[in-house]
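# Per-entry structural report
The chain contents come next:
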Amino acid sequence: MVAGDRSHAYPTFGELSTLERLLILGYAFVHYFEVFSSGMDKYRGCANWLAVEKSVIDSSLRDRFSAGGKCDVTLSDGRSYVGIAKIFEVLHENRGYALRELISADPVKLEEDWEVKPKEDVGAGKRQWLDLASAAISDRFANGHDKRRMLSDIINDPE
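Residues numbered from 1 in each chain as written. Predicted model: local features only at pLDDT ≥ 70, side-chain atom pairs only at ≥ 80, totals over all residues. Heavy atoms only, no water.

Applying the stated rule across the entire model yields nine aromatic pairs. With a centroid separation of 5.7 Å and an interplanar angle of 25°, the aromatic rings of phenylalanine 29 and phenylalanine 36 are classed as stacked. Pairing tyrosine 43 with phenylalanine 65 gives two aromatic rings, centres 5.5 Å apart and planes at 25°, and the pair type is stacked. Of this pair, tyrosine 43 sits in the loop between α1 (18-31) and α2 (44-52) while phenylalanine 65 sits in helix α3 (residues 61-66), and the two are 22 residues apart along the sequence. Ring-pair connections join several aromatic residues into one group, and the members of that group are Phe29, Phe36, Tyr43, Phe65, Phe88 and Trp129. (Phe/Tyr/Trp six-rings, centres within 6.5 Å; stacked < 30°, edge-to-face > 60°. Helix = DSSP H or I, 4+ residues; strand = E, 2+ residues; numbered from the N terminus.)

In this section: the pairing of strand β1 (residues 70-74). Only one face of β1 is covered, namely the one carrying Cys71 and Val73; the face carrying Lys70, Asp72 and Thr74 has none of its residues buried. Note: β1 against strand β2 (residues 80-85), four bridges, orientation antiparallel. If you follow valine 73 over to β2, its bridge partner there is tyrosine 81. The antiparallel hairpin formed by β1 and β2 contains five residues in its connecting segment, where glycine 78 sits at a positive phi of about 95°. (Buried < 20%, exposed > 50% of the residue type's maximum accessible area, 1.4 Å probe, protein only. Pairing = 2+ DSSP bridges.)

Right under this line is the structure:
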């Protein structure tokens, strides 16, 4: 490759179509629920998958999920979750894509990523994801809210 020639470069997240970006976020929320944690390497699995499996690079991956710190999420019925981590607003905005992935995900891939066998029934699988993902949520990210209920309310909010 000649210096300055980017014809063989991997695409960045921002260069993807809007639909591709939304599908990737939905996939990441379902497969890499550690993004809800406060761990220093919480984006490692997602970043590796994005680079290795999708051949996409993103130097600002954290910002896709949590740039902006705290926020309020208002559900369609008017209830609000106040002062929660920005990642929950991003999940709320992309919940349809996350649910789509949760329903259609390859069980073998889920088992690899979750490190437990996923439930075969869609409803049971969704409850299993809620259990796993809510267990990963940092207390400070939930701002005193019941983590599982908050996550369930956000992802199940009608669009």
